[in-house]
Amino acid sequence: MTSVVCPYCFDRSPAARLPYRCQMSPTGVRGARPCNAELDTVWADFMGPTVPPALKMRGPVFTAPRGLSRRLAPSGGGSRADCPACGGSTPVRVCRRCHSDFPSDYCDQDTRIIALLGPKASGKSTYVSVLLNELRGRVGRAYGASVTAMGGETQRRDRELAEDLYDRLRLPGATRPAALGFNDPLLYRLSLPLRRRLRGDGSRHTALVFFDAAGEDLGSAEAMDRYTHYLAAADGIILLVDPLQMRAVRDRLPLDDGPPLPVIETPPQQIAADLAAQLRAHGRGSSRGRVTTPVAVAVTKTDSLAPLLEPHSPLLRNADHSAGALDEEDRLTVHEEMRALLDGWDSGALLRQLERDFAQLSLFGLSALGSAPPADAPADAPKSGPRPLRVEDPLLWLLGLDGLLPRTGGAAGAGARTGPDTGARTGSEGNS
Ligand SMILES: [Zn+2]
Ligand SMILES: [Zn+2]
């Protein structure tokens, strides 16, 4: 049964039980007049006082009687139901708990919530924009995957983010401070080929929900309340760590040509500790105290770390996806490289914190842009455009844990859990 998680309040529900909203359109059915808008108090309470009164008047919400008025659309996707009051047919599903409308194709597949967490200045909007671009291009090709924005709002912002970054070469956060906000998640449909051995040809769809939560806010009581459901509902968390926030890294880098270093904000180990405390408080801790939600810790801006890396470091090249399967050995190589680096930074405080708190942890290194913004224009992308390094690795790992992607190689080690198809392929062409 398809299980849907509301991307606004995180209530989980079987898709079949979601109520409908009448579209108030004339139908000619039964000669009835269409419904009038009525005050949706559930939705109005959820949205709070900032919504103008007129917008709180909406089509009536109703539950379709089982089997009677509900029917599958001819295409096989999306169901419709007839409004019991006016007889008008509607495809619009709403959340049971908060009455938010879902995008039209949101309820046709399981929801997977990927929480994105990082300090304010870590360029999360840039990261998401580049990640999606890679999923649509290079990475999507290798896995036969496709990604589409769901709903008008995500489609609009998705386009804006891409135009900023790829056409105007402007970093999204710089032009739109709330380009990726907590209150408006980005919703995507990820389609992956079903593996033939299991169920014949076809696609498997997953709704991906990306949120931006500022790591600094996790400590405050007010934000704790807002993030609670979000973090507890997450199937996986990508925690972005800006290495330029760490004194040991700042002290070691040659600083003659790049843009000025960012202001030091909340230390990453503090963000990690607050995250773990939040998850534990909401039932995501094991009996031994470690958090069970898989956490991909991604050190960003790895291009700026090049002076600290060996020339053959795996962090300086992309993973090889040509086999159409995740290369577990490559992931472990990156994990170990990152682990060694973190161990040497700020006395290994972040590494110790992470390993103490998270049972399923993998370390990554990535660069969304591939090089620093121009020194004289820190809000611009590099003149060459983004040339990302390993941006896809954390998300692919999280998807692989759930068996959504095939994996090869290195079954043991940090965070490894063997998928059902491991061993079915003959290995990757990677040479690591
Ligand atoms: Zn909801
Ligand atoms: Zn109606």
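Please read these numbers as outputs of a predicted model, since none were measured by experiment.

Trainee: What am I meant to see in the overall build of the chain here?
Mentor: Along the backbone of the chain there are 12 helices and 18 strands. In the chain, which comprises 432 residues, the proportion classed as buried is 52%. Restricting the contact set of the chain to residue pairs at least 6 apart, pairs at least 24 apart contribute 72%. In the structure as shown, the chain presents an accessible area of about 19,300 Å², 50% of it carried by carbon and sulfur atoms.

Trainee: Explanation requested: the coordination of the zinc ion (ligand 1) in the structure shown.
Mentor: Ideal values differ by geometry: the angle at a metal is 109.5 degrees with four tetrahedral donors, but 90 or 180 degrees with six octahedral donors. Protein-derived ligands of the zinc ion (ligand 1) are Cys-6 (SG), Cys-9 (SG), Cys-95 (SG) and Cys-98 (SG), with the metal-ligand distances lying across 2.3 Å. The motif formed by the donor residues of the zinc ion (ligand 1), counted along the single chain, is C-x2-C-x85-C-x2-C. Remark: Cys-95 occurs in the loop between strand 9 (89-90) and strand 10 (110-118) and Cys-6 occurs in the loop between strand 1 (3-5) and strand 2 (12-14); sequence separation between them is 89 residues. You can call Cys-6 buried: its relative accessible area is 1%.

Trainee: Explain the nonpolar core here, please?
Mentor: Within soluble globular proteins, side chains that are nonpolar generally end up buried alongside one another. Formed by 56 residues in total, the largest nonpolar core has its most connected members in Tyr-106, Leu-239, Trp-345, Leu-354 and Phe-358. Residue contacts for Phe-358: discarding those within four places in its chain leaves Ala-272, Leu-275, Ala-276, Leu-279, Arg-290, Val-291 and Val-295. Membership of the second largest hydrophobic core comes to 41 residues, among which are Val-128, Leu-326, Trp-397 and Leu-398.

Trainee: Can you walk me through helix 2 (residues 124-136) in this structure?
Mentor: In an α-helix, one full turn covers 3.6 residues, which means residues spaced three or four apart are oriented alike. In this model, helix 2 (13 residues) spans 18 Å end to end at C-alpha, consistent with the 18 Å of a helix rising 1.5 Å per residue. Burial analysis of helix 2 places 11 of its 13 residues in the buried class, which makes it a mostly covered element. Here helix 2 has its buried residues at Lys-124, Ser-125, Thr-126, Tyr-127, Val-128, Ser-129, Val-130, Leu-131, Leu-132, Glu-134 and Leu-135.

Trainee: Sorry, what's going on with the packing of aromatic side chains here?
Mentor: Aromatic ring pairs are described here by two measures, namely the spacing of the ring centres and the angle between the planes. Counting across every chain of the model gives 3 aromatic pairs. Geometrically, the ring pair formed by Phe-102 and Tyr-106 is tilted, given 5.3 Å between the ring centres and 40 degrees between the ring planes. Their ring planes at 55 degrees and their centres at 5.8 Å tell us that Phe-364 and Trp-397 sit as a pair that is tilted. Of the two residues, Phe-364 is situated in strand 17 (residues 361-365) and Trp-397 in helix 12 (residues 393-401); the sequence distance between them amounts to 33 residues.

Trainee: I would appreciate a short explanation of the environment of Val-4 in the present structure.
Mentor: Looking at where Val-4 falls in the secondary structure, it is placed in strand 1. With 203 residues separating them along the chain, Val-4 and Ala-207 place their C-alpha atoms 8.8 Å apart. The contact partners of Val-4, leaving out residues within four places of it in the chain, are Asp-11, Arg-12, Ser-13, Ala-15, Leu-18, Phe-102, Tyr-106, Cys-107, Gln-109 and Thr-111.

Trainee: What is the right way to look at unusual backbone geometry in this model?
Mentor: Excluding glycine, a negative phi dihedral is what most residues carry, and trans is how most peptide bonds are arranged. In this model, Leu-169 sits at a positive phi of 55 degrees, which is unusual for a non-glycine residue. Along the chain, Leu-169 falls in the loop between helix 4 (152-167) and helix 5 (172-175). Non-glycine residue Lys-301 carries a positive phi angle of around 55 degrees. For Lys-301, the location among the structural elements is in the loop between strand 15 (295-299) and strand 16 (326-327).

Trainee: It is not clear to me how the pattern of salt bridges should be interpreted in this structure. Could you clarify?
Mentor: Opposite charge on two side chains lets them pair, provided their charged atoms get close. For the structure on display, the rule yields 20 salt bridges. Among the salt bridges present, the one from Asp-380 reaches Arg-170, with a minimum N-O distance of 2.9 Å. Here Asp-380, found in the loop between strand 17 and helix 12, pairs with Arg-170, found in the loop between helix 4 and helix 5; they are 210 residues apart in sequence, far enough to count as distant. Across the salt bridge formed by Arg-317 and Asp-330, the nearest N and O atoms sit 3.7 Å from each other. Of this pair, Arg-317 sits in the loop between strand 15 and strand 16 while Asp-330 sits in helix 10 (residues 328-344); the two residues are 13 residues apart in sequence, bridging distant segments of the chain. A relative accessible area of 6% places Asp-330 in the buried class. By sharing partners, the salt bridges in this structure join Arg-21, Asp-40, Arg-58 and Asp-101 into a single network.

Trainee: Sorry if this is basic, but what is going on with the coordination of the zinc ion (ligand 2) here?
Mentor: The coordination sphere of the zinc ion (ligand 2), as far as protein atoms go, consists of Cys-22 (SG), Cys-35 (SG), Cys-83 (SG) and Cys-86 (SG), spread over 2.2 to 2.4 Å. Here the zinc ion (ligand 2) is ringed by 4 donor atoms whose angles at the metal span 102 to 118 degrees, and the overall shape comes out tetrahedral. Of note, the zinc ion (ligand 2) draws all its donor residues from one chain, in the sequence arrangement C-x12-C-x47-C-x2-C. Separated by 61 residues along the polypeptide, Cys-22 in the loop between strand 3 (20-21) and strand 4 (38-39) and Cys-83 in the loop between strand 8 (79-82) and strand 9 bring together distant segments of the chain. The pair Cys-22 / Cys-83 is uniform in exposure class, with both members buried.

Trainee: Got a minute to help me understand the pairing of strand 15 in this structure?
Mentor: Consecutive side chains along a regular strand alternate between the two faces of the sheet. With respect to burial, strand 15 is a largely interior element, 5 of its 5 residues being buried. Of the two faces of strand 15, both are covered, the one formed by Val-295, Val-297 and Val-299 as well as the one formed by Ala-296 and Ala-298. By the bridge criterion, 5 bridges tie strand 14 (residues 236-241) to strand 15 in an arrangement that is parallel. Following the sheet pairing, Leu-239 is matched in strand 15 by Val-297. Alignment of strand 15 against strand 17, held across 5 bridges, turns out to be parallel.

Trainee: What should I look at first to understand the confidence of the model for the chain in this one?
Mentor: In regions of low pLDDT, the predicted coordinates are not meant to be interpreted in detail. This prediction gives the chain a mean pLDDT of 81; 80% of its residues lie at or above 70. The weakest mean pLDDT in the chain belongs to strand 7 (residues 71-72) at 50; the strongest belongs to strand 17 at 97. Confidence drops under pLDDT 50 across residues 412-432; counting only partners more than four residues distant or on other chains, this segment forms 44 contacts.

Rules used in this analysis
- For every chain, the first residue of the written sequence is number 1, and numbering continues from 1 onward in sequence order.
- Ligands are numbered from 1 and chains lettered from A, in the order in which they are written.
- Per-residue local features are limited, in this predicted model, to residues with pLDDT of at least 70; the limit for side-chain atom pairs, both in listing and counting, is 80 or more; totals at the level of whole chains, interfaces and linings are taken over all residues.
- Side-chain calculation: all heavy atoms of the structure are included, whereas hydrogens and water are not.
- In this description a helix means any DSSP run of H or I spanning at least four residues, a strand means any run of E spanning at least two, and both kinds are numbered starting from the N terminus.
- Each residue is assigned to one of three classes by its accessible area relative to the maximum for its type, calculated with a 1.4 Å probe on protein chains only: buried under 20%, partly exposed between the two thresholds, exposed over 50%.
- In what follows, residue pairs with any heavy atoms lying within 4.5 Å of each other are defined as contacts.
- In this description, accessible areas are obtained by the Shrake-Rupley approach with a 1.4 Å probe, and a residue is regarded as covered only by the protein chains that are shown.
- As a rule, N, O and S atoms within 2.8 Å of a metal are its donors, except that Na, K and Ca use 3.2 Å; water is not among the atoms, so sites may look incomplete.
- The nonpolar core is taken to be a set of buried Ala, Val, Leu, Ile, Met, Phe, Trp, Tyr and Cys residues, with the residues joined through side-chain atoms within 4.5 Å.
- What a helix should span is 1.5 Å times the count of its residues minus one.
- Only Phe, Tyr and Trp rings are paired, with Trp represented by its six-membered ring, and only when their centres lie within 6.5 Å; those with planes under 30 degrees apart are stacked, over 60 edge-to-face, the remainder tilted.
- Between Lys or Arg on one side and Asp or Glu on the other, a salt bridge is scored when a side-chain nitrogen of the former is within 4 Å of a carboxyl oxygen of the latter.
- Any coordination sphere not matching a tetrahedral pattern (four donors, all angles between 85 and 135 degrees) or a square planar or octahedral pattern (four or six donors, opposite donors over 155 degrees apart, other angles between 65 and 115) is reported as irregular.
- If DSSP finds at least two bridges between two strands, the strands pair.
- The predictor rates its confidence in each residue with pLDDT, a number between 0 and 100.

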